[in-house]
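Take a look at the letters that make up each chain.
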Amino acid sequence: MLKPKLISQVLQQATTGGVKATILLNPEGSLLAFAAQSDRDARIYGAIASNIWTIYSKHCKADVGGLSFLMLECEEGKVAITVVSTMILCLVARDDVELGILKAKSEALTRHLEEPLSKVAGY
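Not measured: the values here are computed from a predicted model.

**Examining the overall build of the protein chain**
- Across its full length, the protein chain holds three helices and five strands.
- When its helices and strands are written in sequence order, the protein chain yields α-β-β-α-β-β-β-α.
- A compact globule built from 123 residues should have a C-alpha radius of gyration of about 14 Å, and the protein chain, at 13 Å, falls within 12% of that.
- Taking the principal axes of its C-alpha atoms as reference, the protein chain extends roughly 35 × 35 × 25 Å.
- Across the 123 residues in the protein chain, those meeting the buried criterion constitute 38%.
- In the protein chain, once contacts between residues fewer than 6 apart in sequence are set aside, the share between residues at least 24 apart is 49%.

**Points about the nonpolar core**
- Ranked by internal contacts, the top residues of the largest apolar core, which has 19 residues, are Leu11, Leu24, Leu89, Leu91, Leu109 and Leu117.
- Going through the elements one at a time, helix H1 (4–14), strand E1 (19–25), strand E2 (31–35), strand E4 (77–84), strand E5 (87–93) and helix H3 (99–120) are the ones with two or more residues in this core.
- In this view, Leu91 contacts Val19, Ala21, Thr22, Lys78, Val79, Ala80, Leu102, Lys105, Ser106 and Leu109; residues no more than four positions away in its chain are not counted.
- In this structure, Ala21, Trp53, Ile88 and Val92 belong to the second largest nonpolar core, which totals twelve residues.

**A word on the state of the cysteines**
- This model, assessed by the stated rule, comprises zero disulfides.
- With no disulfide partner, Cys74 has as its closest neighbouring cysteine sulfur the one in Cys90, 9.6 Å distant.
- Since its relative accessible area comes to 1%, Cys90 is described here as buried.

**Here we look at the pairing of E4**
- By the criterion of burial, E4 is predominantly enclosed, with seven of the eight residues buried.
- Note: strand E3 (residues 69–74) against E4, six bridges, orientation antiparallel. Bridge assignment links Glu73 to a residue of E4, and that residue is Lys78.
- In this structure, the hairpin formed by E3 and E4 is closed by a connection of two residues.
- Connecting the antiparallel pair E4 and E5 is a turn made up of two residues, with Ser85 showing a positive phi of about 60°.

**Quick look at the layout of surface pockets**
- By volume, the largest pocket is sized at about 250 Å³.
- Forming the boundary of the largest pocket are 14 residues, of which Tyr45, Ile48, Cys74, Val79 and Val92 lie nearest the centre.
- No other element matches helix H2 (residues 39–60), which puts four residues into the lining of the largest pocket.
- For the lining of the largest pocket, a count of residues per class yields ten nonpolar, one polar and three charged.

**Structural notes on the side chain of Ser50**
- Looking at the element boundaries, Ser50 is found in helix H2.
- In this structure Ser50 comes out as buried when scored by relative accessible area, which is 6%.
- If we skip the residues at most four places from it in the chain, Ser50 touches Leu25, Glu28 and Gly29.

**Here's the deal with the pairing of E2**
- Note: E1 against E2, four bridges, orientation antiparallel. Along E2, the bridge assignment pairs Ile23 with Phe34.
- Here E1 folds back onto E2, and the loop between the two strands holds five residues, one of which, Gly29, carries a positive phi near 100°.

Conventions used here
- Residues numbered from 1 in each chain as written.
- Predicted model: local features only at pLDDT ≥ 70, side-chain atom pairs only at ≥ 80, totals over all residues.
- Heavy atoms only, no water.
- Helix = DSSP H or I, 4+ residues; strand = E, 2+ residues; numbered from the N terminus.
- Rg over C-alpha atoms; globule rule 2.2 N^0.38 Å.
- Buried < 20%, exposed > 50% of the residue type's maximum accessible area, 1.4 Å probe, protein only.
- Contact = heavy atoms within 4.5 Å.
- Core = buried A, V, L, I, M, F, W, Y, C linked by side-chain atoms within 4.5 Å.
- Disulfide = S-S within 2.5 Å.
- Pairing = 2+ DSSP bridges.
- 1 Å grid on protein atoms, 1.4 Å probe; cavity = no way out; pocket = protein on both sides within 12 Å on 5 of 7 lines; lining within 4 Å.
- Points joined across faces, edges and corners; volume = space filled by probe spheres on them.
- Nonpolar A, V, L, I, M, F, W, Y, C, P; charged D, E, K, R; others polar.

Distances and angles like these do not, on their own, reveal function.
Shown next as structure tokens:
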């Protein structure tokens, strides 16, 4: 059985070095687990990330392979969004965090969570 508290602990490990929030969402955009300063921040970041991912993934379906990773530079920070199994993983960082660090943390989390999340993706 998947334990949300354990997933939050794994996400918390990536929320260092300028990363402000790490969020795991279902495909509809509902929060499954998060590590952020507040619930409010996690809900806001999650809603925005889910909408961005949905719009870009619909646009990229025509391309071979579709969308697998999205990185954005915003006025107040940087965002990385990717898919783990059927879930959406979002990392939000300060603007001084290098994009390579953000991508490496996203990839490490994806590798770590892919197998457990794929077991529950069908439910």
